[in-house]
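Single-letter residue listing:
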Amino acid sequence: MLNVNDDNVMDFISLQYDAGKSKDIQVLCSYDQILTLFDRIRHQWTEVGQVEPYHSVLSDEKYNMNNFSAHEIEFHETGKFALSALNSVCLKNDVDCPNGSIFELGCGVGRSTQYFSPAFERVYAWDISRGNLSECKKNLEARGVFNVNLRLVDQVSDYSDVPAHDVFFSEIVIQHNPPPLQYFLLDKVLSKLNPGGVFFFQTITHHRTYSFNVNDYLNWQHNQSFEMHALPMRWVNRVIRKNGLVLMDVIKRCTY
């Protein structure tokens, strides 16, 4: 199951660098380049997680730290829609959603994680931002949630430790990684999905002005707190097939 955002999302935070006139999107690169891409994204999210953890999850001014106390309940209530969406898509496709273990890539501050907890026996919640993960831990403890295994992703090799799981979930996360890193992450996680498991993830698959070249990107001097990227649908299909999985549904929507 896949949730694909539409063109309008890229207008939210556009990637501003010159990759030439071609709209080609480079997906494959060397492992050394994967390491460099990862370090760059990790640095961005380390900074934003320390300063504005909640705004980094939902980019609305009311979730800035200066305003957050007045909107905290509202913020956390938005997390219940993740589980609802997962269950709805499973029902629509006549698929039984397992309730053993769920792996959430990019748990952020635990907005959705807290709702996964009572629905699954085990929750694996990983994030690249130390600040976000710290807030996640506080939020889960405050709600009496103790069946969640939190992990900070510090280096690329950590993804080799992804545990076997029954459900893979990730929303408004993968899109913040360059295309080669998106493909790499999906390959690592999908390879650990148990037989009979379900995957539900979201990314952007196209945008009329988007292109990507690894060398151009790494030479680009940027000042954005985080970025938005697209992974073409053919590559999404490729990584799904590579891991012997079947795509049951595609949802085109713009939620955030």
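Right, let's walk through the structure included here. (Residues numbered from 1 in each chain as written. Predicted model: local features only at pLDDT ≥ 70, side-chain atom pairs only at ≥ 80, totals over all residues. Heavy atoms only, no water.)

### A short note on the overall build of the protein chain
Regarding its fold elements, the protein chain presents nine helices and seven strands. Per-residue burial for the protein chain yields a buried fraction of 55% across its 256 residues. Accessible surface for the protein chain amounts to roughly 11,700 Å². Of this, 48% is attributable to carbon and sulfur atoms. (Helix = DSSP H or I, 4+ residues; strand = E, 2+ residues; numbered from the N terminus. Buried < 20%, exposed > 50% of the residue type's maximum accessible area, 1.4 Å probe, protein only. Areas by Shrake-Rupley, 256 points an atom, 1.4 Å probe, with all protein chains shown as cover.)

### So, helix α4 (residues 80-92)
Taking 1.5 Å of rise per residue, 13 residues should cover 18 Å, and α4 covers 19 Å from first to last C-alpha, within 8% of that figure. Taken together, the buried positions of α4 are A82, L83, A85, L86, V89 and C90. For α4, the angular spread of the buried residues around the axis is 160°, confining them to a single face. Facing away from the buried side of α4, by more than 90 degrees, are the exposed residues F81, L91 and K92. Looking one or two residues past α4, D94 carries a phi angle of roughly 55°, positive in sign. (Expected span 1.5 Å × (residues − 1). Arc of directions from axis to C-beta.)

### Focus on the packing of helix α7 (residues 179-190) against helix α9 (residues 233-242)
Contact geometry for α7 and α9: axes closest at 9 Å, N-to-C directions at 25°. Comparing the axis directions of α7 and α9 gives the class roughly parallel. As α7 packs across α9, the resulting crossing turns out to be right-handed. For the pair α7 and α9, contact is made by Y183, L186, D187 and L190 and by W235, R238, V239, I240 and K242, respectively. Its residues assigned to classes, the contact of α7 with α9 shows six nonpolar, no polar and three charged. (Axes fitted to C-alpha atoms, helices over the stretch in contact; angles between N-to-C directions. Parallel < 35°, antiparallel > 145°, perpendicular 65-115°, else oblique. Left-handed = near helix turned anticlockwise from the far one by under 90°. Contact = heavy atoms within 4.5 Å. Nonpolar A, V, L, I, M, F, W, Y, C, P; charged D, E, K, R; others polar.)

### A few points about α9
Among all positions in α9, only W235, V236, V239 and I240 are buried. Along the long axis of α9, the arc covered by the buried residues comes to 140°, so they all point the same way. Residues R234, R241 and K242 are exposed on α9 and point more than 90 degrees away from its buried face. Of the residues flanking the end of α9, it is G244, one or two places downstream, whose phi is positive at about 70°.

### Comments concerning the nonpolar core
When a protein is soluble and globular, its nonpolar side chains tend to lie buried together. Within the largest apolar cluster, 43 residues are counted, with the highest numbers of intra-cluster contacts made by F103, Y159, F168, L181, L186 and F201. In terms of residue count, the dominant contributor to this core is α7 (seven residues). Residues contacting L181, with those up to four places away along its chain left out, are I34, L37, F38 and I41. A82, V89, C136 and F200 belong to the second largest nonpolar core, which has 22 residues in total. (Core = buried A, V, L, I, M, F, W, Y, C linked by side-chain atoms within 4.5 Å.)

### Observations regarding the pattern of salt bridges
Applying the stated rule across the entire model yields 10 salt bridges. Note that R151 is salt-bridged to D161, the shortest N-O span being 2.9 Å. Taken together, the residues span a long stretch of sequence, with R151 in strand β4 (residues 148-152) and D161 in the loop between β4 and β5 (165-170) at a distance of 10 residues. When its relative accessible area of 25% is taken as the criterion, R151 is described as partly exposed. (Salt bridge = Lys/Arg side-chain N within 4 Å of Asp/Glu carboxyl O.)

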